[in-house]
Amino acid sequence: MNTSFDIMALTLALPLLGAFSVGAFGKSWGKRVSAFVASSAVALSFLVTLFSIFRVHLNQVASTRSVDLWHWASFKVFDQVTDVSFGLYIDALSLTLMSVVTGVGFLIHWFSAEYMEHDPEYTRFFCLLNIFIAAMTLLVLANNLAVLIVGWGGVGFASFSLIGFWREKPSAAEASKKAFVMNVVGDVGLMLSVFVLVIKVGVLDYKTLLSDSQIQVLQSDPSTFVWLGLVLGGLLVGAYAKSAQLPLHTWLPDAMEGPTPVSALIHAATMVTAGVYLLVRMHPLFELMPGMMNFIAIMGAVTALFAACCAMVQNDLKRVLAYSTMSQLGYMFLAVGVGAYGAAVFHLITHAFFKALLFLTAGIVIHTAHGEQDMRRLGGLSKDIPYTCFMFGVGGAALAGIPLTSGYFSKEAILHAAHESPTSGGLLFLVGAGVAIMTAFYTFRAFFMTFFGPQRIEHPHLPGGPTVLSCTVLTVLAVVAGFFDQRLSNCFGPETAGSGFEIHPEVLSASAMGVTAMVLVAVFAAYALYGRGQHDKLGQNSTLLNFCRNGLGFDQAYGMLSGGFVLLARLARNGLEKLLSGSFPELLGGSFVTMGTLLKETQTGQTRHYMVCMVVSVVVLLVYCLLLSGGSNYAA
Amino acid sequence: MPDILLAFVGGVTLLAALGVILSKEAVHSALFLTVHLLGIGALFLALNHQFLAVAQMLVYAGAVMVVFMFAVTTLSPEEEPLKLTGSDGFPLLGMVAGLGAFGAIYWGLSTSGLSGHKAVSDGLVAPSSFASDLFGPFLLPFEGTAFLLLTALIGAVLLGGRRQIGDG
Amino acid sequence: MANSPEFFLVLSALIFCLGLIGLIIRRNPLVMFMSIELMLNAANLAFMTFSRFPPANRVSLGSPSDGPAFTFVVMTIAAAEAVVGLAIIITIFRNRHSVDVDALTSLKG
């Protein structure tokens, strides 16, 4: 296996180095230097990514290349050896995602530098942020599934520690535990599918596994489909857990317990995009089973609808955004399911921009309002922080898909793909369109409730320069990213035609215009209902609304499921553990004491006793040796 | 050496050994031991080794026994009446263990058979030939003995010194 | 008699066992030491005997000076042991005013 080096390895090394140095020396460096080091590590990664993209554009390097940095491990199963190298896979998809991860990641670092200023554990925060970026980089750049699992696990760890960053808060600890458990469920699925691949194919790196010849081999053998279902199911479980799709989504709304920049990072640049990335990366395998593709599309639509329903009735600003993320991820899965990978990645990128913007501006709002997150107690903030209000409005418009924003183009691309889909196209399009309208409504409900109506916050705390500046960059991106659709489509190569990577935002088709019109109506409806601080009917406490607000009972169902385990654990603690840690060791220890007491008697301290014992032993040994040799070997 | 003389020397050596372990007073034991060592030296001579016979008599029966006599007179221990059947049972135990050991060794000697063992030569081993061996192939063990003696000397001085360790 | 090893070996075995018995039945450490000397000398005698009467296939077993060299080292060890051992006994006597080994039982478990 030939190993070589590629400059993209730096994008992995830099955040790791940043994490290490901030973790080790951050306390002595102080807050400013730590933030600078951590941010510049990510910024440099971003620059390296841009440099790589330019090199591809100038045709200095191949647009798709798999680089083995070093040989990592060999698995041997049934005489079949699987070589795994620690390597990078650099193509249009990973470069695109890398620019988002490091670019948006850098802006979030920049934002946090001021936002987290008063936190006593500032350096730990930046260290973890860098670990998060590094893990996500590894996940995206890995050139085989084994290395991807490392990044996958790293992302899970980083999200766990960042969601529970305020560890003294019991709810944060609970939320981080929940995120971790849900992620581990996904990890197990991913691992299982990798194990099956190792046993059945013996190849883990993308270049070989996803090559046309390999796919044809799999396709020609009908017995493939028995285990391929297991592989794809495992991948899907992993993707569902990471990307918070039904039914493994419950951790995402609770993840709001973390600091707001963490929410932005999880929802925009890292973490939740991992599942979409995995499916897009593995799409040649999924295409072998059209049933699986349909399942993905339908589950994506259901998730989008489900999350939109929940988002409608939330009172917490961040929870609205959390459910909206879930809903948008549902769109992306829908796009993957109908084979529109380009549209999915396009929406992933625009979503990263406007969702990061929304979360960061929400963070400013929460700071301004002294930590208040309940929209019913916010209001009229447009007079205190008009510029933030504007930026949030732009982000909301992009999320809702108002024309000329980036979200409009990407969402239309997905809806168009759903419309064109031959299988269950009509229904998927209708659900998608409905969710788009709901999205517009709940987004602007949040916007109007927060920024309009009577002023309820006294002595607002105004945001500082860097936070506003980083949000401004995101605002620009959230608007203009939509015009890159064709460029992105070209970026995936001239051979994209028919491969699912071409992007068609057919904004002028009748159906698209209809959806756009309905979206605009939904925005006006939201203004009419909430624009002047009216009493909020959706924020009330009725049984049905609370049921929706709490995520349609998934938490309770999982609670009941885990209740059984808790019962079992309690039983083990009270019964088995008492036995094992109480009586059994006592008995064991007691027997040793008794043995010791008995053996102690042989130690009389009398030299002559020892002498006798020694003589007897020597005589016995002598006789034994003589018996053994038979007394014959020496005489010869 | 005629057989009769050899038998006499062997008998004296054995009786002296018996005297060592059966004397009431330690000083008698020490004198019996001297006789025993001289007998052993004579037996070495019967085995045609001049140098070790002389060394046995001079170093062992001479120098080492002086140390023993010095210790015996320094301590002047009280008489120890010998009882073959005591309440502690050690005399009986010792007899049984000793006879058992002898039985085992004798059995080993008789079963392994000594028919293959023949005398190398009838001539005496000259001290010069032993010396060339000692300073040739056995140089390292020989030098090791020097180091051992030095260590023992230092140890004895340290143990027997008037001042206790740590007194300054 | 002088031309066969049996006499010397049986004598050696007898002396060795006398030393063994003495070591067990006597309580005076000085006499115990002398018993040890008896055993060492018995071993020396056996060494010398086997050096004089080597087995037929001696060539593979070593040189004719093996036995005397061992004897020489054993004598040195006996001397060293006598010096150190007697020094220890004298130190014990100085501290406890008794040299009865049965009274020395501080190692009792």
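Here is what the cut-offs are and how they apply
- Residues numbered from 1 in each chain as written.
- Chains lettered and ligands numbered in written order.
- Predicted model: local features only at pLDDT ≥ 70, side-chain atom pairs only at ≥ 80, totals over all residues.
- Heavy atoms only, no water.
- Helix = DSSP H or I, 4+ residues; strand = E, 2+ residues; numbered from the N terminus.
- Buried < 20%, exposed > 50% of the residue type's maximum accessible area, 1.4 Å probe, protein only.
- Contact = heavy atoms within 4.5 Å.
- Areas by Shrake-Rupley, 256 points an atom, 1.4 Å probe, with all protein chains shown as cover.
- Expected span 1.5 Å × (residues − 1).
- Buried area = accessible area lost by both parts, 1.4 Å probe.
- Polar contact = N/O pair within 3.5 Å; in protein donor to acceptor, adjacent residues only side chain to side chain.
- Nonpolar A, V, L, I, M, F, W, Y, C, P; charged D, E, K, R; others polar.
- Salt bridge = Lys/Arg side-chain N within 4 Å of Asp/Glu carboxyl O.
- Axes fitted to C-alpha atoms, helices over the stretch in contact; angles between N-to-C directions.
- Parallel < 35°, antiparallel > 145°, perpendicular 65-115°, else oblique.
- Phe/Tyr/Trp six-rings, centres within 6.5 Å; stacked < 30°, edge-to-face > 60°.

A. Molecular detail of the overall build of chain B. Tallying secondary structure elements over chain B gives six helices and zero strands in all. Put simply, chain B has 168 residues, and 36% of those count as buried. Sequence-distant contacts in chain B: of pairs separated by 6 or more residues, those separated by 24 or more amount to 55%. For chain B, the accessible surface area stands at approximately 9200 Å², while carbon and sulfur atoms represent 73% of it.

B. Representation of helix α19 (residues 406-420) of chain A in the model. With 15 residues, α19(A) extends 21 Å from end C-alpha to end C-alpha; this agrees with the ideal 21 Å at 1.5 Å per step. The buried count for α19(A) comes to 13 of 15 residues, which makes it a mostly enclosed element.

C. Quick look at the interface of chain B and chain C. At the interface, 78 residues of chain B touch 72 residues of chain C. In this assembly, chain B packs against chain C so that about 6700 Å² is buried in total across both faces, 78% of it on carbon and sulfur atoms. In this assembly, chain B and chain C are joined by five residue pairs in polar contact (both at pLDDT 80 or more). Put simply, the parts of the chain that give the side of chain B that touches chain C at least two residues each are α1 (3-22), α2 (26-46), α3 (50-75), α4 (90-112), α5 (127-134) and α6 (139-160) of chain B. A per-element tally of the side of chain B that touches chain C places α3(B) first, with twelve residues. Considered class by class, the residues forming the side of chain B that touches chain C number 53 nonpolar, 17 polar and eight charged.

D. Representation of the interface of chain B and chain A. Each partner contributes to the interface: chain B provides 14 residues, whereas chain A provides 13 residues. In total, chain B and chain A occlude about 1100 Å² of area from one another, counting both sides; carbon and sulfur atoms represent 77% of this. Taken together, the connections running from chain B to chain A amount to zero salt bridges. Looking at the side of chain B that touches chain A residue by residue, the classes come out as seven nonpolar, six polar and one charged.

E. Main features of the side chain of A:S263. Position of A:S263 among the secondary structure elements: in helix α11 (residues 260-269). Those residues within four positions of A:S263 in sequence are excluded, and the remaining contacts are A:A255, A:M256, A:G258, A:K318 and A:F359.

F. Just unusual backbone geometry, in detail. Its identity is not glycine, yet B:N48 carries a phi of approximately 70°, on the positive side. Within the secondary structure, B:N48 sits in the loop between α2 and α3.

G. View of the packing of helix α3 (residues 92-115) of chain A against helix α4 (residues 122-141) of chain A. All names here are of chain A. Put simply, α3 and α4 touch, their axes get as near as 10 Å, and they point 175° apart. Between α3 and α4, the crossing angle belongs to the class labelled roughly antiparallel. For the pair α3 and α4, contact is made by S94, L97, M98, V101, G105, H109, S112 and A113 and by Y122, F125, F126, L129, N130, I133, M136, T137, V140 and L141, respectively. Looking at the contact of α3 with α4 residue by residue, the class counts come to twelve nonpolar, six polar and no charged.

H. Local environment of the pattern of salt bridges. All names here are of chain A. Inspection of every chain in the model, using the stated rule, returns two salt bridges over all chains. Its salt-bridge partner being R281, residue D91 comes within 2.9 Å of it at the nearest N-O pair. One end of the pair, D91, is in the loop between β2 (80-90) and α3; the other, R281, is in helix α12 (residues 272-281), with 190 residues separating them in the sequence. Among the residues examined, D91 registers a relative accessible area of 11% and is labelled buried. When the shortest N-O distance is used, the salt bridge between E174 and K177 registers 3.4 Å. Pair noted here: E174 and K177 are both in helix α6 (residues 170-200), with a separation of three residues, about one helical turn. Note on E174: relative accessible area 47%, which makes it partly exposed.

I. The arrangement of the packing of aromatic side chains in detail. Residues and elements named next belong to chain A. Under the defined criterion, the tally for this structure stands at 22 aromatic pairs over all chains. Geometrically, the ring pair formed by W72 and F86 is edge-to-face, given 6.1 Å between the ring centres and 90° between the ring planes. Taken together, the positions of W72 in strand β1 (residues 65-77) and F86 in strand β2 put the pair 14 residues apart, joining distant regions of the chain. Take W72: its relative accessible area is 41%, and that puts it in the partly exposed class. For F86, a relative accessible area of 11% puts it in the buried group. The structure contains a cluster of three or more aromatic residues connected by ring pairs, namely Y122, F125, F126, F165 and W166.

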